[in-house]
Amino acid sequence: MQRILQKSPWLILLAGALIQILTGIPSAWGAFQKPVIGEYGLNEQSAGYIFSILIAGYGIGCAVGGFLQDKYGPRKAAFAGTALLCGGIALGGVIPQGKAWMFYLAFSIPVGLGSAFLYPAVLSCAQKWYADRKGLATGVIGCAMGLSGLFLTGFIALFTKSIWQEKGIRWAFFALALITLPVCLSAGILLENPEQDEKNNIKKQKGYTPKEMLHTRNYWLLTAAVALSTPAVQLFSPMLVEIGSERGLAESQALWAVMLGSAGNAAGRLLMSILSDKIGRKKTDQLLFMGLAVCSVAFAFAPHWWMIAAYVCLCVCYSGLAAVLPAFSTDLFGLAHAGVNYGLLALGQTVGSLSFPLLADALGLKKGRHILAVLAATLGFFVIKAVQISEQSKKSGGGDEKA
C-alpha cells in the first residue's frame, strides 16, 4: 500500500472525500428534522436536541477518535467509526414513535461518535501526506464534508418528497446505512500514515504531547474559539425550514436554504483553507469571525430569499473556521500528535453545541438567538486575536510564521 500511496498520494484525498461525503448529517439536519418530527411524533424542541446531542457526541468523538488514530492508525479508527456511524443510522429506522430519549441514545450519540472517529482519521492522515500543503489537504476533505449536506438533502428528499416518498424517513435511514457501510470500509482500507523517511519524518518531528498542549494558553483560546463559532449556524440549522416559512418562503423554497447552505459549507472549507495557506491561519480566522458577526446581523433581519443568501454566507464563514482551526492547531502544536490534539480541540464544539441552545431556551430567546450568535462571533474575533505564536511552538514543528 505504501508504494501505491507514495506514487499517488491523491488517493488519500479521494478516500477521505468519499468517507466525508457520507458523514455530513449535521450539516443536512434541516432536511431530516421535519420528516423525523412527523414520523416519530416528536416536537420541535425534542428534534432540535437530537441535533445538539449529535454535535456534542461529535466533539467528544473527535477526542476519543484522535487517541485511536494516534495509537492504532487511521485505518482502525476509520473502521470503528464506520461501525458506529452505520449502526446508529440503521437504529434510527427502528426507534418507536414518541421516544425522543431513544433517539438521543441510539442515533445521536453513535452517529456523532462515528462521524467524529472518521474525521480525525481522515484529516490527520491527509495532513501527514501533504505536510507542506496542510491547508489544501484540509480544504479538500472539508469540501467533501460540505458537499455531504447537499447530497444527503437530496437523498432524504427521494424518500420523503419524490420517487420513494411512500417509504418515508425510516427507509431513508436503512438505505443510507447500506450505502455508507461498503463505501467507508473500502475507502478506509486506503488510510495509512506515510512511512518515516527524510522527506516526511512525522514521528521524529518534535511536537506538543496532549498533556503539554493542555497546559498552554493557546489551546484554551482555540477551544474557546471553536465553541464560539457554533451558535451562528447551529442555533438555526434545525429550524431553518420553520424560519424560512416565517420569512415568507414555501417549504420547498426553504429547503433551498439547506441545500445552498451545504454548497456554502463546501466552498468555505476549500477556499478558506487555501486562503489560510497564503495569509496565515490567524488572519483568516479573524476575518471569518468578523464575517460571522456581520452575517448574523443580516440573517436576523433578512426577508424571503435574502434570508437564504445570508444563511449561505454564514455557512461559508462557519465552515471556513471548521476547516482552518485544525490546520491552525497543527501549526501551533505540530503534527506528531495531530489526531488526539485536534480531538481535544474539538471538545469546544461539544461545549458550544450544548451550552448555547440550553442558554437560549433558559432565557426564552427563541427569536432572540440572533443576539447570542452576534455576541459569540464578536467575542470569537478577540479570542483569536489573543492567540500568540511562541518560539516553542515554532520549534515543535508547527508555528504559523504568517500568523
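Since we're looking at a predicted model, the values are computed, not measured. (Residues numbered from 1 in each chain as written. Predicted model: local features only at pLDDT ≥ 70, side-chain atom pairs only at ≥ 80, totals over all residues. Heavy atoms only, no water.)

A. Representation of the side chain of serine 296 within the structure. The topology assignment puts serine 296 in helix H14 (residues 281–301). By relative accessible area, serine 296 is classed as buried at 3%. Not counting chain neighbours up to four residues away, the residues in contact with serine 296 comprise Ala232, Leu314, Ala373 and Val374. (Helix = DSSP H or I, 4+ residues; strand = E, 2+ residues; numbered from the N terminus. Buried < 20%, exposed > 50% of the residue type's maximum accessible area, 1.4 Å probe, protein only. Contact = heavy atoms within 4.5 Å.)

B. Layout of a nonpolar patch on the surface. A grouping of Met1, Ile4 and Ile189 is seen on the molecular surface, where their side chains present a nonpolar patch of about 260 Å² in accessible area. Checked against the element boundaries, isoleucine 4 lands in helix H1 (residues 2–7). Classification of isoleucine 4 as partly exposed rests on a relative accessible area of 46%. (Patch = residues over 30% accessible without salt bridge, like charges linked within 9 Å, V, L, I, M, F, W, Y side chains within 5 Å. Areas by Shrake-Rupley, 256 points an atom, 1.4 Å probe, with all protein chains shown as cover. Salt bridge = Lys/Arg side-chain N within 4 Å of Asp/Glu carboxyl O.)

C. Molecular detail of the packing of helix H15 (residues 304–333) against helix H16 (residues 338–345). Direction vectors running N to C along H15 and H16 enclose 125°, while the axes themselves pass 10 Å from each other. Here H15 is positioned oblique relative to H16, judged by the angle of their axes. Note that H15 runs across H16; the crossing there is right-handed. Taken together, the residues of H16 that come into contact with H15 (itself represented by Leu325, Pro326, Ser329, Thr330 and Phe333) are Ala338, Asn341, Tyr342 and Leu345. Its residues assigned to classes, the contact of H15 with H16 shows six nonpolar, three polar and no charged. (Axes fitted to C-alpha atoms, helices over the stretch in contact; angles between N-to-C directions. Parallel < 35°, antiparallel > 145°, perpendicular 65-115°, else oblique. Left-handed = near helix turned anticlockwise from the far one by under 90°. Nonpolar A, V, L, I, M, F, W, Y, C, P; charged D, E, K, R; others polar.)

D. Region of the structure containing the nonpolar core. Among the nonpolar cores identified, the biggest contains 115 residues, and Ile25 and Phe107 are the most heavily contacted of them. In contact with isoleucine 25, not counting residues within four places along its chain, are Phe32, Leu54, Ile89, Phe107, Val111, Leu152 and Leu176. (Core = buried A, V, L, I, M, F, W, Y, C linked by side-chain atoms within 4.5 Å.)

E. Representation of helix H18 (residues 369–385) within the structure. Compared with an ideal rise of 1.5 Å per residue, which puts 17 residues at 24 Å, H18 spans 25 Å between its outermost C-alpha atoms and is within 8% of the ideal. When H18 is considered as a whole, its buried residues turn out to be Arg369, His370, Leu372, Ala373, Ala376, Ala377, Gly380, Phe381, Val383 and Ile384. Against helix H10 (217–229), helix H11 (231–234), H14, H15 and helix H17 (347–362) lie the buried residues of H18. (Expected span 1.5 Å × (residues − 1).)

F. Structural context of the pattern of salt bridges. Within the structure shown, the criterion is met by four salt bridges. Put simply, glutamate 39 and arginine 170 hold a salt bridge, and the shortest N to O gap is 2.9 Å. With glutamate 39 in helix H3 (residues 29–40) and arginine 170 in helix H8 (residues 168–189), this residue pair connects regions lying 131 residues apart in the sequence. You can call arginine 170 buried: its relative accessible area is 17%. Across the pair glutamate 192 and arginine 75 runs a salt bridge whose closest N-O atoms are separated by 2.9 Å. With glutamate 192 in the loop between H8 and helix H9 (210–214) and arginine 75 in helix H5 (residues 74–92), this residue pair connects regions lying 117 residues apart in the sequence. The partly exposed category is assigned to arginine 75, whose relative accessible area is 28%. Residues joined by salt bridges that share partners form a network here, namely Asp277, Arg281 and Asp331.

G. Fine view of empty space enclosed by the protein. Applying the stated criterion to the full structure yields two cavities of 30 Å³ or more. Its boundaries defined by the atoms lining it, the largest cavity holds a volume of some 420 Å³. Put simply, the parts of the chain that give the lining of the largest cavity at least two residues each are helix H4 (44–72), helix H7 (134–160), H10, H11, helix H13 (251–279), H15 and H16. Here the element with the most residues in the lining of the largest cavity is H15; it accounts for seven residues. (1 Å grid on protein atoms, 1.4 Å probe; cavity = no way out; pocket = protein on both sides within 12 Å on 5 of 7 lines; lining within 4 Å. Points joined across faces, edges and corners; volume = space filled by probe spheres on them.)

H. How the structure looks around the environment of glycine 73. When you line up the elements, glycine 73 lands in the loop between H4 and H5. When its relative accessible area of 15% is taken as the criterion, glycine 73 is described as buried. C-alpha separation for the pair glycine 73 and asparagine 193, spaced 120 residues apart in sequence, amounts to 7.2 Å.

I. A look at the state of the cysteines. As enumerated under the stated definition, the model contains zero disulfides in all. With no disulfide of its own, cysteine 125 has cysteine 184 as its nearest cysteine by sulfur position, at a separation of 15 Å. Residue cysteine 315 stays outside any disulfide, its sulfur separated by 9.3 Å from that of cysteine 313, the closest cysteine. Classification of cysteine 315 by relative accessible area gives buried; the value is 2%. (Disulfide = S-S within 2.5 Å.)

J. Geometry of H5. Its 19 residues place the ends of H5 27 Å apart at the C-alpha level, agreeing with the 27 Å of an ideal helix rising 1.5 Å per residue. Along H5, the positions that sit buried rather than exposed are Pro74, Ala77, Ala78, Gly81, Thr82, Leu85, Cys86, Gly88, Ile89 and Gly92. Mapping the buried residues of H5 onto a view down its axis gives an arc of 160°, with all of them on the same face. The exposed set on the far side of H5, more than 90 degrees from its buried face, consists of Lys76 and Ala83. In the core, the buried residues of H5 are packed alongside H3, H4, helix H6 (100–129) and H8. (Arc of directions from axis to C-beta.)

K. Summary view of the confidence of the model for the chain. On average, residues of the chain score 84 in pLDDT, and 93% of them are at 70 or above. Looking at the elements of the chain, mean pLDDT is at its lowest for helix H19 (residues 391–395), recorded as 46, and at its highest for H5, recorded as 95. Taken together, the stretch residues 197–204 has pLDDT below 50 and engages in twelve contacts with residues farther than four places along the chain or on a different chain. When the criterion is pLDDT under 50, residues 392–403 qualifies, and its contacts beyond four places in sequence or with other chains add up to 41 contacts. (pLDDT = per-residue confidence, 0-100.)

L. Looking closely at unusual backbone geometry. Despite not being glycine, histidine 304 has its phi angle at roughly 50°, a positive value. For histidine 304, the position within the fold is in helix H15. Here histidine 304 falls in the partly exposed class, since its relative accessible area comes to 31%.

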